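The chain contents come next:
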Amino acid sequence: MEPKWHRIWQETATHKTPERSEKPKYYCLDMFPYPSGSGLHVGHLRGYVLSDVWARYKKLQGYNVLHPMGWDSFGLPAENDAIKRGIHPRINTEKNIQNMKRQLEKIDAMYDWSREINTSSPEYYKWTQWIFLKMYKKGLAYRKMVPINWCPSCKTGLANEEVVNGRCERCESPVTKKNLMQWMLRITRYADRLLKDLDKLDWPEKVKTMQTNWIGYSEGAEVVFKALSARNKEEFDIPVFTTRPDTLFGATYMVLAPEHELVEKITSPYQGKEVQDYVRQSERVPEVERLSEVKQKTGVFTGAYAINPVNGEKTPVWISDYVLLAYGTGAIMAVPAHDRRDFEFATKFDLPIREVIYSQKAERKKDVSLKEAYLEEGKLINSGAFNGLSSQEAREKITQHLAQKKLGKKSVSYKLRDWVFSRQRYWGEPIPIIYCSRCGEIPVPEKDLPVELPQVEKYQPTGTGKSPLENIPEFANTTCPGCGGPAKRETD
Ligand SMILES: [Zn+2]
Ligand SMILES: [Zn+2]
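Residues numbered from 1 in each chain as written. Chains lettered and ligands numbered in written order. Predicted model: local features only at pLDDT ≥ 70, side-chain atom pairs only at ≥ 80, totals over all residues. Heavy atoms only, no water.

It is worth spelling out the domain arrangement of the protein at this point. Reports of interface size often rely on the accessible area that becomes lost once the parts have come together. Taken as a whole, the protein is organised into domain 1 (2-120), domain 2 (134-186 + 420-489) and domain 3 (218-413). Centre-to-centre separation of domain 1 and domain 3, based on C-alpha positions: 54 Å. (Domains from an automatic or database assignment.)

Printed below as a string of structure tokens:
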């Protein structure tokens, strides 16, 4: 029965979606599969069968249903599969697509195969590049120096998935961080909308919660500490974000991420060596470990002090790897009495722990000092004019007070980060940007799209952190669309 109907559906083009129709439109879109060497697995079919049932149901209801299929065929999975097999990614990907299409045709889903797309074909990625240019012109695609995972032995950048327990998946060397210029997509500009519009979605609560946590919205205050360089007495602002401005009088020291740009500028000459050693050592500590609750806290005093803006107190500035550059401002005000990690750090390095939020619920030692950090709310103590206020009142009042002194303001923070879009790899659409020594960074004019990925012999990662495209002069060298002079293409 199956071959018979397969033939009849093919001959009568039953699944072809007419361009124009009196019927109302319905679009049923699946996630396109990565063309992998192992072919379809049962997880693919689980999704595709269900969406096919839905598409057929809508068709029977009288809709003109478009149910397309295609291949998400650029990127690391396809390239790594090709490298493993020693077959050029283009050939390997084509082969994999053929095989998966053969498998997929067997379920006779109502795909309109005449509209099949393939993200690694120039006709398709012309539009990927077009969208990139639109985002570039809106300031949504931009370049920035960012630390990436780096294997010093393989001499290559690594995706997070390629780092296992802080070591390179391939050669097991400890992975370090390396600053590289990367293309970023400014998804943070949409953080607020991404969060608010979740209300409009008919999604399972569990998925919405995951999404909410990923965006990680929190309200609080930005507080500015004035730091004095221990090197030359120059003054610097250190802004920090806190969700608990009510604890500001309890900030007894500050911590900068070891990668923070101010570290070098404020560190005293006497502490220089120790600080440098620590910075280098922390480059080798993977992020998961730095954030771990169980890891022993480490850190070094820079020799510099910063002024707590509410009480004018001099607080020592330390560096420690439990503060990450990518989170908040890369600096924190440490309130050991009311933050678990600060409490641990202060205990280890014998820094003052000053209780400023009083509650009878707090766990205490015999001498009534805190046994552990008290994290909840309470009444303010040791907080000057704000004593006696509740945490909630104090958050408002202290933030207002800071705003008047121009040393702080209400602020919000997101955990969401901009997305690193570039890879120093071969198998992806070229980024349509040209660098000219006279005109600077210039987008490829739309009429010149697509910028085609050149056919090359050597597609393997170069080992220098640069894309293999860099070594292809016919691709890398071009003329500037602005002045007609010699120019270089973006090769990431
Ligand atoms: Zn390695
Ligand atoms: Zn030019």
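Under the defined criterion, the tally for this structure stands at 21 aromatic pairs. Judged by centre distance (5.3 Å) and plane angle (45 degrees), the ring pair of Trp 54 and Tyr 57 falls under tilted. In this pair, Trp 54 and Tyr 57 are both assigned in helix α2 (residues 42-60), three residues apart and thus about one turn of the helix distant. With relative accessibility at 40%, the residue Trp 54 sits in the partly exposed group. Classification of Tyr 57 as partly exposed rests on a relative accessible area of 41%. Aromatic rings pair up to connect Tyr 253, Phe 301, Tyr 305, Trp 318, Tyr 322, Phe 345 and Phe 349 into one cluster. A cation sits over an aromatic face here: Lys 178 above Trp 150, 4.5 Å from the ring centre. The lysine or arginine in question, Arg 489, covers the ring of Phe 475, its NZ or CZ lying 5.7 Å from the ring centre. (Phe/Tyr/Trp six-rings, centres within 6.5 Å; stacked < 30°, edge-to-face > 60°. Helix = DSSP H or I, 4+ residues; strand = E, 2+ residues; numbered from the N terminus. Buried < 20%, exposed > 50% of the residue type's maximum accessible area, 1.4 Å probe, protein only. Lys NZ or Arg CZ within 6 Å of the ring centre and 35° of its normal.)

Moving on, we come to the coordination of the zinc ion (ligand 2). Bound to the zinc ion (ligand 2) on the protein side are Cys 436 (SG), Cys 439 (SG), Cys 480 (SG) and Cys 483 (SG), at distances that span 2.2 to 2.4 Å. Classification of the site at the zinc ion (ligand 2) as tetrahedral follows from its four donor atoms and the range of 105 to 112 degrees in their angles at the metal. Each donor residue of the zinc ion (ligand 2) belongs to the same chain, and together they define the spacing C-x2-C-x40-C-x2-C. One end of the pair, Cys 439, is in the loop between β20 (433-436) and β21 (440-443); the other, Cys 480, is in the loop between β22 (477-479) and β23 (486-489), and 41 residues separate them in sequence. Taking relative accessible area as the criterion, Cys 439 reaches 36% and is therefore assigned partly exposed. (Donors = N, O, S within 2.8 Å, 3.2 Å for Na, K, Ca; no water. Tetrahedral: all angles 85-135°; square planar, octahedral: opposite > 155°, others 65-115°.)

Turning to the environment of Lys 16, a few remarks are in order. Structurally, Lys 16 is set in the loop between α1 (2-11) and β1 (25-27). Between the alpha carbons of Lys 16 and Asp 112 there is a distance of 4.9 Å; along the sequence they are 96 residues apart. If near-sequence neighbours (up to four positions away) are discounted, Lys 16 is found in contact with Asp 112 and Ser 114. A distance of 3.3 Å separates polar atoms of two side chains, one belonging to Lys 16 and the other to Ser 114. (Contact = heavy atoms within 4.5 Å. Polar contact = N/O pair within 3.5 Å; in protein donor to acceptor, adjacent residues only side chain to side chain.)

Judged by nonpolar contacts, the single largest core of 42 residues is most densely connected at Phe 225, Ile 238, Val 240, Leu 248, Leu 256 and Ile 398. Sorting elements by how many residues they give to this core places strand β10 (residues 218-228) first, with five residues. Membership of the second largest hydrophobic core comes to 20 residues, among which are Tyr 125, Cys 436, Val 456 and Cys 480. (Core = buried A, V, L, I, M, F, W, Y, C linked by side-chain atoms within 4.5 Å.)

A word on the UniProt feature "domain: Aminoacyl-tRNA synthetase class Ia" (unreviewed entry) in the protein. With numbering matched to this structure, UniProt assigns "domain: Aminoacyl-tRNA synthetase class Ia" (unreviewed entry) to residues 414-444. When the span residues 414-444 is considered, its composition is 0% helix and 32% strand, and the gap between its end C-alpha atoms is 33 Å. (UniProt positions renumbered as here; feature names shortened; annotations may be inferred.)

Okay, the sheet that holds β20 next. As summarised here, the arrangement of the four strands in space is β21-β20-β23-β22, forming an open sheet in which the pairing is antiparallel. Of all the strands in the sheet, just β21 and β22 have a single pairing partner and so form its edges. Each strand axis lies, on average, 40 degrees off the axis of its neighbour in the sheet, ignoring direction. In terms of strand pairing, β20 meets β21 through four bridges, oriented antiparallel. (Pairing = 2+ DSSP bridges. Axes fitted to C-alpha atoms, helices over the stretch in contact; angles between N-to-C directions.)

Our next topic: the pairing of strand β14 (residues 314-319). Counted residue by residue, β14 has five buried out of six residues, so it is predominantly covered. Pairing geometry for strand β12 (residues 253-256) and β14, over three bridges, is parallel. Counted as the bridge partner of Leu 256 is Ile 319 from β14. When strand β13 (residues 300-307) meets β14, the two strands line up antiparallel, connected through five bridges. From the neighbouring strand, Phe 301 faces β14, where its bridge partner is Trp 318. From the end of β13 to the start of β14, which pair antiparallel, there are six residues, and Gly 312 there has a positive phi angle of about 70 degrees.

In spatial order, the strands read β6-β5-β9-β19; together these four strands make up an open sheet with antiparallel pairing. The two strands at the open ends of the sheet, each matched to only one other strand, are β6 (156-158) and β19 (419-420).

On to the environment of Tyr 136, then. With respect to the helices, strands and loops of the structure, Tyr 136 is situated in helix α5 (residues 122-137). Non-local contacts of Tyr 136, meaning those with residues more than four positions away in its chain, are made with Ala 141, Trp 183, Ile 433, Glu 441 and Pro 443.

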